[in-house]
Amino acid sequence: MKDEITRDERVDNLKGMGCSRKRVEDARFTQGKGNYVDDIKLDGMLFGDFVRSPYAHARITSINTEEALKVPGVLAVLTAADLEPLGLHWMPTLAGDKQMVLADGKVLFQGQEVAFVVAEDRYAAADGIELVEVEYEELPVIVDPFEALQSDVVLREDLVAEDGSVPDGAHGARKHPNHIFTWEAGDKDPTDQVIAEADVVATESMYYHRTHPCPLETCGCVASMDKVNGKLTLWGTFQAPHAIRTVVSLISGIEEHNIRVISPDIGGGFGNKVGAYPGYVCSVVASIVTGKPVKWIEDRMDNLMTTAFARDYHMTGKIAATKEGKITGLHCQVVADHGGFDACADPTKFPAGFMNICTGSYDIPTAYLEVDGVYTNKAPGGVSYRCSFRVTEAVYFIERMIEVLAIELNMDAAELRRMNFIKKEQFPYKAALGWEYDSGDYHTAWDKALETVDYAGLRAEQAQRVEDFKAGKTRSLMGIGLSFFTEIVGAGPVKNCDILGLGMFDSCEIRIHPTGSAIARLGTISQGQGHATTFAQILATEIGLPADSITIEEGDTDTAPYGLGTYGSRSTPVAGAATAMAGRKIRAKAQMIAAYLLEVHDNDVEFDVDRFVVKGAPERFKTMKEVAFAAYNQAIPGLEPGLEAVSYYDPPNMTYPFGAYVCVMDIDVDTGVPDIRRFYALDDCGTRINPMIIEGQVHGGLTEALAVSLGQEIAYDDMGNVKTGTLMDFFLPTAWEVPNYETDHTVTPSPHHPIGAKGVGESPHVGGVPCFSNAVQDAFRPFGNRHTNMPHDHWRIWKTANELGLHE
Amino acid sequence: MIPAAFEYYRPKDMEGVLSLLAEHGDEARVMAGGHSLIPMMKLRMADVPHLIDLQDVGGLSDIEVGTDSIRIGAMVTQSDIITHEGLATAAPILREAALQIADPQVRYMGTVGGNVANGDPGNDMPGLMQCLDATFHLIGADGTRDVPARDFYEAAYMTAREDEEVLTAVTIPLLKGGHAYEKQKRKIGDYATAAAAVQIVNEGGTCAAASIAMTNLSDTPIYSQAACDALVGTSVDDSAIKAAMAAMLGDIDPSEDNRGPVAFKKHVAGIILRRAIERAWSRA
Ligand SMILES: Cc1cc2nc3c(=O)[nH]c(=O)nc-3n(C[C@H](O)[C@H](O)[C@H](O)COP(=O)(O)OP(=O)(O)OC[C@H]3O[C@@H](n4cnc5c(N)ncnc54)[C@H](O)[C@@H]3O)c2cc1C
């Protein structure tokens, strides 16, 4: 065979790591040919939907289903009483609590599932829902966690002993019937002491409001029980299909091999699709009862009002420093509103997620964190909305505290950050609250960012603007938002990370076909991240077959190896590592085959891009394609036929991506309308697999950050009514509201990851939220603003201006 | 988000529409673009057992720019308004306002008739029509009648139109002077936090005539005669504008919602009016 192309061309042909390969998924998505759960249509399929509570806290005195059952097409109405004999009226949550599947005597939040109407189509189900008569006896509503901790009103009677005492919960002692847990990290006394003795202490309380991931596709499933062979197939919007299979088996008693869970295409997850919802359980039960497939699909209001929310953290911080600005200690106290059930999605040992990353990018010697989880009459959840387990909260907290400290010290906030960054040579860095940061070069990233945006120039312009404002020449102020974040992703090492006892490793299984193409299956599941594109690129570089010849498949538990799924930016750090490791196993065997074919010793050949060459004789080689064929047609002494590998990867540590963001914003003081003039985002996610996909992830994450900081919220009134249950009021930005993002990068590989990649999907959200918020707050700093809470929608910005006396 | 069952009709002429309305009384409703009505039905806030689609009824989709007035058929869409060349010169405020309604997808469906007949205080065209002193043409079993836009709105979703009447067109007297439609909203596709429609005539540096209407600041659109009066005869200087703002604030009655509390809305209403007046005056 003649070899005319150059080595560089051979590299290019693979479309491996570093290549902005076009997304293979997009051909079907852009043509409307995706296959989402609601696209699944089976013979005789029924449709189920919920009667939901209009009240936030009420006792149910009766449920009458008679009229509903008369609606043509309505076949059954399930209530808690029907599920109880099966033991399915409650289900375990991911956080060690339990949650009602259908209201068992009372409801704890507006929209709670009360009855499940099963009908021949969704129209009949909707009509049936209208006719289920539920009598409620209203109870006092608590929407404020501080009030909950004082109140005599007990939300969860099931968690109080008969003598009125409060038994321990899944995370230890509880101090009140409405209290869920206290979780601590760091050293309390030394921190208190540092703060007591410090030159300067800045104290601030902030509320990180409740919001919602709001994926474009809502949650749903199709359950199909085949009574002939006893197999249950469950299609659904699952970010963790394997974990769902195990959970379904544990709670239903169906043996795990008889359950097949399939996540088809998923239209965005952002954490919303990690947990288990009553709709899944009810669909399964309804399918078992009727013997027919049952579909359940949320509408937008169901999704916003009842499935997993994010944040709702009340955070109080104290940050201590020398008068020169060197930070000496940090104290963080959190009251976390978890709603009616603790259905937070965090690794078991971390009921407040990785909130203890809240020392951020700074070398803070002493710190203490305390989080109290509290029940209220709001929807359950508490997921990581495009961030790894409460990291957004942590980064928002520290990036606000830095700004407040800068005010206290009368210092420039950029300089204060630079002074306190962990230095490059300090990595691996052991943080005061327990984590060991793998690698970083913060100063380089920060300097590059500030230089690119001409930070000094921006500050001069801002000062001029303030003067003009004071002179009555303009009614617009200018804010410069800074944020430097350190993410913690890639959960995680099995020794300290599990969900419901399942270790958070991940997996990849590869089969090379005789003609030199391949299929790889992983334990993760893409929800828009482009796994089929990027994982093929990792393999292309590792095994020397073109990415275009590698199929990536995820989401079918009957075929894919076990894994914990996709959330918390864990796919590349964990499953991506498994992919590289499995690829290396393939390569190791391929090397032996190549050596045999070349009639040399194993150690005398070496891998080069897409082939094995005899050391010192590059004209003698076997391509990976040739090796693949040989694996299936040659009897090689001492080697089994075939070319397959599987790897289960237990990461030795988390990965710590970081980045430097700057936002420039003009604010109309009179109307409260912000205008984002510029947004610069420098991300360091270690090794870059596909720069185009990274850029897309950054744009998406920044847009969600913009949404959360500038208006997106799940707001409740005092009666526990959701005020923002439709997209008319729940802010989802469009192309119109979104600025032009400038992206940039540095590359600091992870030292412990096989390819040095750290994950990027969530960074822009984590770093973006404080950046937008800081821009708003910075605009008002010259007039005495210290801190105002998000979301910075028009009226709240206006209110800040108003309270600072900036209106006539 | 599934409506209750309903019968769907698609009559070919107005006679067919009117006989269906006579037959089913308040159980029937006409549908134009459906972009206000269908969401209400899906939320089960509107119960419409008999839905009469106006799409196939002829003669409702014309725009006629005459010498002293403009006539716009009820089924003319917001998108038609934006693309119509004659309107762009004869009544540029219509285009300026229509571009601030919803988003392109909604504007392809949403009609002028539906927008003004709906009676939702959030709709932009009712205030606009009051500003332009439009007349609404209605047809019913007893024939046709005309109602001035400024007399049409009674309360939220309550208008002078009887249930069995259909709005066929609006007529606008030919416009004079400068114009502006100023709207603050939270995002594309949102109804106004506050909006102002202003048409103003400048004769030698003096305001000879002014017309001002506000949107989403009461349960109906607010045509503010007092605000107009505050401008007429002045040079539209700062004190005149302030007087107009104060007069307007006396006429509106906003309520708190997710956009913000009353104090905020009043403040923004004043600012929006000021900007609308300044822009209109600069074009007058
Ligand atoms: C996402 C979204 C955003 C929007 N934003 C805005 C906005 O910013 N500003 C704004 O003004 N509007 C907005 N709208 C509303 C939109 O402009 C509607 O299309 C318009 O209000 C109604 O027009 P329609 O043709 O769709 O009427 P329909 O929905 O068909 O009808 C509305 C009502 O008017 C009645 N009706 C319709 N035509 C007639 C007629 N000829 N005679 C008598 N009665 C009639 C119907 O019976 C119904 O009660 C928005 C809508 C959506 C979905």
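Residues numbered from 1 in each chain as written. Chains lettered and ligands numbered in written order. Predicted model: local features only at pLDDT ≥ 70, side-chain atom pairs only at ≥ 80, totals over all residues. Heavy atoms only, no water.

**Student:** What should I look at first to understand the overall build of chain B in this one?
**Tutor:** For chain B, the helix and strand inventory stands at twelve helices and 14 strands. Taking 19 Å as the expected radius of gyration for a compact globule of 284 residues, we find that chain B reaches 19 Å, a close match to that expectation. Considering only C-alpha atoms, chain B reaches an extent of 55 × 45 × 35 Å along its principal axes. Counting every position in chain B, which comprises 284 residues, the buried fraction comes to 56%. Sequence-distant contacts, at least 24 apart, represent 61% of the contacts inside chain B between residues at least 6 apart. Just so you have it, chain B exposes about 11,600 Å², and 49% of that area is on carbon and sulfur atoms. Taking the average location of the 24 positive side-chain charges in chain B and that of its 39 negative ones, the two points are 9 Å from each other. (Helix = DSSP H or I, 4+ residues; strand = E, 2+ residues; numbered from the N terminus. Rg over C-alpha atoms; globule rule 2.2 N^0.38 Å. Buried < 20%, exposed > 50% of the residue type's maximum accessible area, 1.4 Å probe, protein only. Contact = heavy atoms within 4.5 Å. Areas by Shrake-Rupley, 256 points an atom, 1.4 Å probe, with all protein chains shown as cover. Lys, Arg positive; Asp, Glu negative; His and termini not counted. Charge placed at Lys NZ, Arg CZ, Asp CG, Glu CD.)

**Student:** Looking at this structure, I do not really get the interface of chain A and chain B. What am I missing?
**Tutor:** Of the residues lining the interface, 26 residues belong to chain A; the matching set on chain B comes to 25 residues. Summed over both sides, the interface between chain A and chain B buries roughly 2,200 Å², with carbon and sulfur atoms accounting for 59% of that surface. Considering only the surface of chain A that becomes buried against chain B, M728(A), W795(A) and W798(A) emerge as the three largest contributors, covering 24% of it. Between the two partners, chain A and chain B, sit four salt bridges. Put simply, chain A and chain B have 13 residue pairs in polar contact (both at pLDDT 80 or more) between them. Ranked by residues supplied to the side of chain A that touches chain B, first place goes to helix α5 (residues 122-131) of chain A with five residues. Broken down by class, the residue content of the side of chain A that touches chain B amounts to ten nonpolar, five polar and eleven charged. (Buried area = accessible area lost by both parts, 1.4 Å probe. Salt bridge = Lys/Arg side-chain N within 4 Å of Asp/Glu carboxyl O. Polar contact = N/O pair within 3.5 Å; in protein donor to acceptor, adjacent residues only side chain to side chain. Nonpolar A, V, L, I, M, F, W, Y, C, P; charged D, E, K, R; others polar.)

**Student:** I would appreciate a short explanation of the sheet that holds strand β27 (residues 611-614) of chain A in the present structure.
**Tutor:** One key point about sheets: their strands pair by backbone hydrogen bonds, in either a parallel or an antiparallel sense. Residue and element names in this part refer to chain A. Pairing in this open sheet of three strands is antiparallel, and the strands run β26-β27-β28 from one edge to the other. Two strands lie at the open edges of the sheet, namely β26 (605-608) and β28 (617-623), each paired on one side alone. Here the average twist between neighbouring strands, direction ignored, is 35 degrees. Judged from the four bridges that link them, β26 and β27 form a sheet pairing that is antiparallel. Residue F607 lies in a different strand from β27, and its bridge partner there is F612. In this fold helix α17 (residues 624-633) packs onto β27 and β28, with an angle of close to 50 degrees to the strand it touches most, β28. (Pairing = 2+ DSSP bridges. Axes fitted to C-alpha atoms, helices over the stretch in contact; angles between N-to-C directions.)

**Student:** So what exactly am I meant to see when it comes to the side chain of T746(A) here?
**Tutor:** Residues and elements named next belong to chain A. Relative to the elements of secondary structure, T746 occurs in the loop between β32 (741-745) and α19 (763-780). Residue class for T746 comes out buried when judged on its relative accessible area of 13%. Among the polar contacts listed, one links the side chain of T746 to the side chain of D684, at a separation of 2.8 Å. If near-sequence neighbours (up to four positions away) are discounted, T746 is found in contact with A445, K448, F658, L682, D683, D684 and C685.

**Student:** Would you explain the packing of helix α11 (residues 391-409) of chain A against helix α12 (residues 413-420) of chain A in this entry?
**Tutor:** A pair of packed helices is characterised by two quantities: the angle between their axes and the separation of those axes. Residues and elements named next belong to chain A. Packing of α11 against α12 brings their axes to within 9 Å, and their N-to-C directions diverge by 110 degrees. Taken together, the axis directions place α11 and α12 in an arrangement best described as roughly perpendicular. Handedness of the crossing formed by α11 with α12: right-handed. Residues E399, I402, E403, L405, A406 and L409 of α11 form the contact with α12, whose participating residues are A413, L416 and R417. A per-class count over the contact of α11 with α12 returns six nonpolar, no polar and three charged. (Parallel < 35°, antiparallel > 145°, perpendicular 65-115°, else oblique. Left-handed = near helix turned anticlockwise from the far one by under 90°.)

**Student:** For this particular structure, what's the right way to read the confidence of the model for chain B?
**Tutor:** Predicted coordinates in areas of low pLDDT are best not read in detail. When pLDDT is averaged along chain B, the result is 97; 100% of the residues meet or exceed 70. Both confidence scores are given for the complex: pTM 0.97, ipTM 0.97. (pLDDT = per-residue confidence, 0-100.)

**Student:** Would you mind going over the site of the ligand with me for this structure?
**Tutor:** With respect to spatial proximity, 31 residues lie near the ligand, and among them V30(B), G33(B), G34(B), T111(B) and D124(B) are the closest. Looking at what sits near the ligand, you find residues from chains A and B. Separating an oxygen atom of the ligand from a backbone N or O atom of G34(B) is a distance of 2.7 Å. D124(B) places a polar main-chain atom, nitrogen or oxygen, 2.7 Å from an oxygen atom of the ligand. Notes on the ligand: free accessible area 960 Å², of which the protein chains cover 94%. (Near = heavy atom within 4 Å.)

**Student:** Mind showing me how you'd approach a negative patch on the surface here?
**Tutor:** There is a patch of like negative charges on the surface, built from D26(B), E27(B), D47(B), D142(B), E154(B), E162(B), D163(B) and E164(B). Turning to its location among the elements, E154(B) is positioned in strand β8 (residues 153-155). (Patch = residues over 30% accessible without salt bridge, like charges linked within 9 Å, V, L, I, M, F, W, Y side chains within 5 Å.)

**Student:** I keep staring at unusual backbone geometry and nothing clicks. Help me out?
**Tutor:** All names here are of chain A. At the junction of F427 and P428, the peptide bond is cis and its omega measures out at -10 degrees in the coordinates. When you line up the elements, P428 lands in the loop between α12 and β18 (429-430). A cis amide bond, omega -10 degrees, links M790 with the succeeding residue P791. Residue position: P791 is located in the loop between α19 and α20 (794-803). In this model, D312 sits at a positive phi of 75 degrees, which is unusual for a non-glycine residue. Within the secondary structure layout, D312 lies in strand β15 (residues 310-321). Accessibility expressed as a relative area gives 0% for D312, which makes it buried. One non-glycine residue, R390, lies in the positive phi region at around 65 degrees. Tracing the chain through its elements places R390 in the loop between β17 (366-375) and α11. A residue is classified by how much of its surface remains accessible, and R390, at 1% relative accessible area, is buried.

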